[in-house]
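Geometric and topological summary
In case you want the letters, here they are:
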Amino acid sequence: MTKQAQHDAWSRRAFGYGLALLVFAIDRGVKALLMGPVHLDLVDQITILPFFALRFADNHGVSYGLLTAGSEEMRMILIGVTSLIAAGVAGWIMVERRRVDVIGLAFVLGGALGNIYDRWYHGYVIDYAAFHLGAWYPFGIFNLADTAITAGVLILL
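Quick summary incoming for the structure in this document.

A separate point is the overall build of the chain. Helices and strands together make up the secondary structure of the chain, namely four helices and three strands. Listing every helix and strand of the chain by position from the N terminus yields α-β-β-α-α-β-α. Counting only C-alpha atoms, the chain reaches 60 × 40 × 30 Å along its principal axes. Relative to its 157 residues, the chain shows a buried fraction of 36%. Within the chain, residue pairs in contact and separated by at least 24 positions form 64% of the contacts whose partners lie at least 6 positions apart. Once the 11 positive and 12 negative side-chain charges of the chain are each reduced to a mean point, those two points are 13 Å apart.

Time to look at a nonpolar patch on the surface. On the surface, Ile 48, Leu 49, Phe 51, Phe 131, Leu 133, Trp 136 and Phe 139 cluster together into a nonpolar patch covering about 730 Å² of accessible area. Residue placement: Phe 131 occurs in strand E3 (residues 125–131).

Next up on the list: the pairing of E3. Most of E3 sits inside the fold, with six of its seven residues counted as buried. In this sheet, E3 lies alongside strand E2 (residues 52–59) in antiparallel orientation, the contact comprising six bridges. Within E3, the residue paired with Asn 59 across the bridge is Val 125.

Counting 13 residues, the largest nonpolar core has Ala 86, Val 89, Ile 93 and Leu 109 as the members making the most contacts within it. Element by element, the count of residues in this core is highest for helix H3 (residues 99–122), at seven residues. Ignoring sequence-local partners within four residues, the contact set of Val 89 consists of Leu 105, Val 108 and Leu 109.

Thresholds, definitions, all that
- Residues numbered from 1 in each chain as written.
- Predicted model: local features only at pLDDT ≥ 70, side-chain atom pairs only at ≥ 80, totals over all residues.
- Heavy atoms only, no water.
- Helix = DSSP H or I, 4+ residues; strand = E, 2+ residues; numbered from the N terminus.
- Buried < 20%, exposed > 50% of the residue type's maximum accessible area, 1.4 Å probe, protein only.
- Contact = heavy atoms within 4.5 Å.
- Lys, Arg positive; Asp, Glu negative; His and termini not counted.
- Charge placed at Lys NZ, Arg CZ, Asp CG, Glu CD.
- Patch = residues over 30% accessible without salt bridge, like charges linked within 9 Å, V, L, I, M, F, W, Y side chains within 5 Å.
- Areas by Shrake-Rupley, 256 points an atom, 1.4 Å probe, with all protein chains shown as cover.
- Salt bridge = Lys/Arg side-chain N within 4 Å of Asp/Glu carboxyl O.
- Pairing = 2+ DSSP bridges.
- Core = buried A, V, L, I, M, F, W, Y, C linked by side-chain atoms within 4.5 Å.

Here you go:
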């Protein structure tokens, strides 16, 4: 491998890990703001637009509350499985050559780290974003980390 190729590979990796950390930091910052000064967990909801509100939900499962962790053991299993997936994604960034795929992987990794953090420190994932049509919430309640994971998967596809 030439020095230029080595430099390009390290540059892609650093960019990917940096982007993942940025996604993680923004996710943590938004959640800290909403749970701290805004006290979203103490109000029913905060309407932003007629079709979008901030609404607290503690998600003990994965997407749409599936595989709910009803015990400490199940919570640790979810943390373990998602951590293994995150480690696999981090490893994939090491070998991925296409910059657009590195971006997708970084979104997935950063989002996964945000949700792993929540599950570890709170016992559940903090969800707050709710698109709705009246009382119908077609996407459930989600967070920035979930959005990053979804965007990352779509980029990879």
